Amino acid sequence: MSALSAVMYREGKIRATNALFIFWDVVYPLGYLLVFGVGMNKALAFTGLSVDYDAFFLAGVLGMAGFGIASNTAWSFFMDRDNGIFYEMLTYPISRAEYLVGKVLFNVAIGLVQAFVTVVLARVALGVPLRPAGFPLLAAAVVVGTAGWFFFYAIFALSIRRNDAFNTVTSIFYFVFLFASSMFYPIDPLPAAFRDVALANPITWHVDVMRFATIGQGDPQRIALEAAGFVVFTTISFGGALHVLQREGN
Amino acid sequence: MPEPAIRVRDLVKRYSRRGQPSVRAIDGLTFDVARGSIFGLLGPNGAGKTTLLRILSTLARPTAGEARVLGHDVTAAPLDVRRRISVVVQETAVELFLTVRDNLGTFARFHGVPTREIRARAQRVLDDLELAPEAHRKVMDLSGGFRRRVQIAKVFMVETPVVFLDEFSTGMDPILKRRVMDKLRREAAGGRTIVLTTQILSEVEELCDDILILNRGRQAARGDLQTLKLLSHGVYEITITFERLPPGIEEELAARHPIRLAITQNTIDVTLKDDDGGILDVVGALAARGRVLRLEVGGASLEDIFVELTKERGELP
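Residues numbered from 1 in each chain as written. Chains lettered and ligands numbered in written order. Predicted model: local features only at pLDDT ≥ 70, side-chain atom pairs only at ≥ 80, totals over all residues.

Brief notes about the overall build of chain B
The criterion, for reference: In this description a helix means any DSSP run of H or I spanning at least four residues, a strand means any run of E spanning at least two, and both kinds are numbered starting from the N terminus. Residues are called buried when their C-beta atom has 20 or more other C-beta atoms within 10 Å, exposed when it has 12 or fewer, and partly exposed otherwise; all C-beta atoms are positioned from the backbone. Each residue is represented by a C-beta atom placed from its backbone, and any two residues with such atoms within 7 Å are regarded as in contact.
Each helix and strand counted, chain B has eleven helices and 14 strands in total. Each of the three principal axes of chain B carries a C-alpha extent, and together these read 70 × 45 × 45 Å. In chain B, buried positions account for 40% of the 317 residues. Across chain B, every contact between residues at least 6 apart in sequence was considered, and the portion connecting residues at least 24 apart equals 71%.

Concerning the environment of glycine 31 of chain A
Within the element layout of this structure, glycine 31 of chain A appears in helix 2 (residues 19–43). Remark: the alpha-carbon pair of glycine 31 of chain A and valine 117 of chain A, spanning 86 residues in sequence, is separated by 12 Å.

Some words on the pairing of strand 8 (residues 193–198) of chain B
Residues and elements named next belong to chain B. Selection rule: Here, strands pair whenever DSSP counts at least two bridges between them. Note on handedness: a clockwise path from strand one over the helix to strand two, with the strands aimed away from the viewer, defines a right-handed crossover.
Counted residue by residue, strand 8 has six buried out of six residues, so it is predominantly covered. As defined by bridge partners, strand 3 (residues 38–42) adjoins strand 8 across five bridges and the pair is classed as parallel. Note on strand 8: the bridge partner recorded for isoleucine 38 is isoleucine 194. Of the pairings in the sheet, the one linking strand 7 (residues 162–166) to strand 8 comprises five bridges and is parallel in character. Note on strand 8: the bridge partner recorded for phenylalanine 164 is valine 195. In this view, the connection linking strand 7 to its parallel neighbour strand 8 by way of helix 6 (residues 174–189) has right-handed handedness.

Some thoughts on the confidence of the model for chain A
The condition that has to hold: Looking at any residue, its pLDDT shows the predictor's confidence there, from 0 to 100.
In this model, chain A carries a mean pLDDT of 88, and residues with pLDDT of at least 70 account for 96%. Mean pLDDT in chain A bottoms out at helix 2 of chain A, which sits at 75, and peaks at helix 6 (residues 135–159) of chain A, which reaches 96.

What about the sheet that holds strand 3 of chain B?
Residue and element names in this part refer to chain B. Which entries qualify depends on this criterion: Each axis is a line fitted through C-alpha atoms, and for a helix only the stretch in contact is used; angles between axes span 0 to 180 degrees, taken between their N-to-C directions.
An order of 6-7-8-3-9-10 is seen for the six strands of this open sheet, with the pairing classed as mixed. The outermost strands of the open sheet, each flanked by one partner alone, are strand 6 (85–88) and strand 10 (218–223). Neighbouring strand axes in the sheet, compared pairwise and without regard to direction, differ in orientation by 15° on average. Contacts from helix 1 (residues 49–56) reach strand 3, strand 7, strand 8 and strand 9 (210–215), with the element oriented near 150° to strand 7.

Description of the packing of helix 3 (residues 53–83) of chain A against helix 7 (residues 163–179) of chain A
Two numbers describe a pair of packed helices, the interaxial angle and the distance between the axes. Residue and element names in this part refer to chain A. Quick note on the threshold: In this scheme, roughly parallel covers angles under 35 degrees and roughly antiparallel covers those over 145, while 65 to 115 is roughly perpendicular and the rest are oblique. Two helices crossing with the near one rotated counterclockwise from the far one by less than a right angle form a left-handed crossing, whereas a clockwise rotation gives a right-handed crossing. Note on residue classes: Ala, Val, Leu, Ile, Met, Phe, Trp, Tyr, Cys and Pro are nonpolar, Asp, Glu, Lys and Arg are charged, and everything else, Gly too, is polar.
Axis separation between helix 3 and helix 7 bottoms out at 11 Å; the angle between their running directions is 165°. Here helix 7 runs roughly antiparallel to helix 3, going by the angle between their axes. Note on packing geometry: the crossing formed by helix 3 with helix 7 is right-handed. Residues Met64, Ser71, Trp75 and Phe78 of helix 3 form the contact with helix 7, whose own contacting residues are Asn163, Phe166, Thr170 and Leu178. Of the residues that constitute the contact of helix 3 with helix 7, the class distribution is five nonpolar, three polar and no charged.

Here it is in structure tokens:
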């Protein structure tokens, strides 16, 4: 068994012991789509949008799901520390990069399942008009997005030794990244300063790519730029997480 | 001559903390460990044992010097080192949410044991360490002693040529400890190199072919048990049980600057250093202080040597 599949097997084994946790990862974004999304769609008239809010918000829900799965996966470093297994694992015949990648692979698979369920529900229950040609791009965005946010969070999970401190950091990130982005609303009508922050926010890049992939909304040139930006963000985050992991114990 | 299992040269590990002077946890160590031997690292708390083990198991990088495991440099080729070692870290390290059997299986998978072999190996190890009745229980439901047992059991699932054990017997009952020690002896006889740290000197006396005593990150002494005992030439352990403890004898013994002195009820255990060969005179003088029920005089134990060597600073012969 290769090192990567061994890490993935372990992650799967542990995650499978708590099916509720997996269920929550898959289902809670659906709640957003069906409750928050539908409510917003009905309660408010989004005259600025060329599509229903349901359709607009679909990519936001997919982005939120990947973001949540990534933060939960990074949090599991604390569980590994509490179990004492973290340092033992660092003596296993795997490279630090394989440890990081293997850890996220199983959760990327959950992300793909989550995305599939969300897209099917959006089509069947809400009648969101989807663009099947964009599905490969959507799958790629889910994979890279979940991995990118995991690597980003891993930098903090590995640097911060206290679980409560990490929870505070993730709460701040949730607030800043999710609300200062195109996840819940279009950013063009926003005040200039707010819009500039949102444009510089990798969540915006990630969600915009998925919005383009699902409903075809967005300028292809800008989407390409945002996709490239997110790949760079993921690469830098991976490098940062790897650096922190390699520094462990020194 | 084959490469030793472990080769350490001028190894230094310095820890720097902001605003504080740096600490040399390992201070210029040089030693080899022969293949197939059981090598004991002894030392008081903070002597550098765990730091040394962390460097050898690629968990920490040395500040200077060289450390090789089976010829592979721990800094330049850590993955090659990790392919050849299994480690029991000082803290209990188990997958709490997995069953005992799954803990063994997961560990074996990481070390490349073929899936078809894992079940049979796990059953053998479960039987050997009396874990079979708990095989399907989640580790989170087991006591601390059982968790440690699961942790130890993992190294018997694989055939890595080098095994590092950091205070492996913590939390183990004596019967299991004996069983594990027997197993370790068999593994070493089969060619595996075992490197262990412990605070329990009887474990070292019983198990180790080769002993390194560390103090403040430096070598305080090195050799097999008999060689170390030579270092304590002139050190004697005296046990006297009086019918009634003579008054003032504690002060009298303290005046002789014993290495160790313990008085329990009417029994005195004292370790004295006497280079002049006058130990029998001392014993005679003590025995004359009251009616003696039992008297034993012996050479120094490893504990005496350990206390003697580690209470002093710097390198000793």
